[in-house]
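# Coordinate analysis (summary)
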Amino acid sequence: MDLAILLDEAITTPLHQQLYEALRQAVLTGKLIPGERLPSTRALAKSLGISRGTAKLSYEQLLSEGYIETVMGSGTFVCQHIPEPTPLVRPPQPHCPGALATTGLSTYAQNFATRALPKPANRKPAIDFCYWQPAFDHFPLPIWRKLMTRHLQSPDSLDYSADLLGQKELREAIARYLVRSRAVHCDAEQVIIVNGAQQALNLIVRLFINPGDPVVIEDPGYLSARRIFQSQGAEVLPLPVDTAGLVVEQLQSISAQIKLVYTTPSHQFPTGAILSLPRRLELLAWAQQQGAIIIEDDYDSEYRYGERPIPAMQGLDQHNSVIYIGTFSKVLFPALRIGYLVLPSGLVKIFAQAKRLLDRHSPSLEQLVLADFINQGHLERHLRRMRTLYGQRRQALLNSLQTKLGKHVSILGDAAGIHLMVQLHTNINDQDLLICAAQRGLGFTSAASFYLKSGGKGEFLFGYANLAPEKIDQGIDQLAQILGV
């Protein structure tokens, strides 16, 4: 460990005394914590450019006063119980959140200055109906580990990526997969690898939106997307959602020149509605007429139950009006942080340059592993297994809700995805209900924050992918007790 200590040979105080005072101050103010190992006198002398004798004198004084201790064969450490500080030693001042001057920050930064950071949960509920978690225990880790090990044997996988769009092997694999499974019209040169859907949206907003530009979003809709648009100063215009998805006809009532429309057509978030084919065609025709761009966020279209899949809107587009976003967070696991954009060819160069400025490139090693995972058929085998598993868990949740809550619950959006949206018919306040559930070790999510306009009272999201049927049943049983059913 190197210590940042300033010694001044120009003053009259001996060097060993200066070093002693600096180390003592570091111990008393917590910069060096009890039990922390200190460098040897030889190493300390070398790093500070002083004699070893000077370093030894300082250590000896600290040792005699009880600030440090030596352990035979192990080294020198800060004492676990240090002497009380004298009045001359000032402890570090606590951080004051209001001390940061914000006058010099950009307009973009000012959007975050007064917004509190989300607080991590104190503890994970015993039964957590988390709407974004796939079944981690069913992911084929041995296969992933084997592919990772193979690529780790090549030093080339540790270098910077030379391809601004992302690893070509992965882009080719994704393009083939999308053409086959989602009827997307693309080739590898239209695919850009990004760090999840969040970065994809950030890139789009940076490249299309100036402060004050209008953007249409679904209401209710994906909260993070709304915040990204707002952070860039966009004028966010909410359009309602019904059982057939975004109410497209209401676009005609907006007089502003709209640049972007953000939608989740294959499984509307959070309601689960599926945008009907007539509305998809209507939206595409409107975008072509207005010169607007549709952002199609296809976040979990792989999971459908009992219905034939509707092709992606991008595959229906004949006028380069759609930017398609996909991610592997729910298909594989969130920590992977790999997503992708499918762009009209004329936008690829611009997006690639912007992506390079943001973070140079997404992690190369994970891209190579994922390319093999797709090309060797593991992805589609995994998806087939997960569709069966999630279908069973979805049915368990539906059965439990209907059996235990009956007329006290209405179920929305059960045809796709890995969560349901339900409306609970109760006089209990939403927040009180969540608090009571948490006290019983039960977790689920209120839909209220997903509405820009008022709405969402009594509406909640219940994920089921990462819960076994018996846990689902136990959780809904607990909920029924809270509701007094």
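No experiment lies behind these values; they were computed from the predicted model shown.

A separate point is the layout of surface pockets. Over the atoms a probe the size of a water molecule is rolled, and this reveals where empty space is left. Computed from the structure, the largest pocket encloses a volume of approximately 2,000 Å³. Pro118, Lys119, Tyr131, Trp132 and Thr445 are the residues nearest the centre of the largest pocket, which is lined by 50 residues in total. Of all the secondary structure elements, the ones that give two or more residues to the lining of the largest pocket are α4 (107–113), α7 (196–208), α8 (223–231), α14 (430–439), β15 (442–443) and β16 (445–446). Considering every element that reaches the lining of the largest pocket, the biggest residue donor is α14, with 6 residues.

On to the packing of helix α2 (residues 41–48) against helix α3 (residues 52–64), then. The geometry of α2 relative to α3 is characterised by a closest axis approach of 8 Å and an angle of 120° between their N-to-C directions. Judged on the interaxial angle alone, α3 and α2 are oblique. Remark: the crossing between α2 and α3 carries right-handed chirality. Two secondary-structure elements touch here, α2 through Thr41, Arg42, Leu44 and Ala45 and α3 through Arg52, Ala55, Lys56 and Tyr59.

Here the amide bond leading from Asp219 into Pro220 is cis, since omega sits at 5°, within 30 degrees of zero. Cis geometry is found at the peptide bond from Phe269 to Pro270, where omega equals 10°. If you trace the backbone, Pro270 turns up in the loop between β9 (260–263) and α9 (277–290). Within the chain, Ala183 stands out as a residue other than glycine whose phi angle is a positive 55°. Structurally, Ala183 is set in the loop between α6 (168–182) and β5 (191–194). The phi dihedral of Arg360 falls on the positive side, at around 70°, and the residue is not glycine. Within the secondary structure, Arg360 sits in the loop between α11 (348–359) and α12 (364–375). Since its relative accessible area comes to 34%, Arg360 is described here as partly exposed.

A few words now on the sheet that holds strand β17 (residues 459–463). Strands sit in the order β13-β14-β17-β16 across an open sheet of 4 strands; the sheet is antiparallel. Both edges of this open sheet fall to β13 (409–412) and β16, since each of them pairs with a single strand only. Both β16 and β17 contribute to a ladder of 2 bridges, which runs antiparallel. The partner of Ser446 across the bridge, within β17, is Phe460.

This next bit is on the packing of aromatic side chains. If you walk through the whole model with that rule in mind, you get 18 aromatic pairs. A ring pair is formed by Phe139 and Phe333, whose centres lie 5.1 Å apart and whose planes are at 75°; its orientation type is edge-to-face. Placement of the pair is Phe139 in the loop between β4 (127–128) and α5 (141–152) and Phe333 in the loop between β11 (322–327) and β12 (339–342), with a sequence separation of 194 residues. Here Phe139 and Phe333 have matching classes, each one buried. One aromatic cluster is present, formed by Tyr131, Trp132, Tyr222, Phe269, Tyr299 and Phe450 through successive ring pairs. Sitting over the face of the ring of Tyr160, Arg360 holds its NZ or CZ atom 4.1 Å from the ring centroid.

Cut-offs used in this document
Residues numbered from 1 in each chain as written. Predicted model: local features only at pLDDT ≥ 70, side-chain atom pairs only at ≥ 80, totals over all residues. Heavy atoms only, no water. 1 Å grid on protein atoms, 1.4 Å probe; cavity = no way out; pocket = protein on both sides within 12 Å on 5 of 7 lines; lining within 4 Å. Points joined across faces, edges and corners; volume = space filled by probe spheres on them. Helix = DSSP H or I, 4+ residues; strand = E, 2+ residues; numbered from the N terminus. Axes fitted to C-alpha atoms, helices over the stretch in contact; angles between N-to-C directions. Parallel < 35°, antiparallel > 145°, perpendicular 65-115°, else oblique. Left-handed = near helix turned anticlockwise from the far one by under 90°. Contact = heavy atoms within 4.5 Å. Buried < 20%, exposed > 50% of the residue type's maximum accessible area, 1.4 Å probe, protein only. Pairing = 2+ DSSP bridges. Phe/Tyr/Trp six-rings, centres within 6.5 Å; stacked < 30°, edge-to-face > 60°. Lys NZ or Arg CZ within 6 Å of the ring centre and 35° of its normal.

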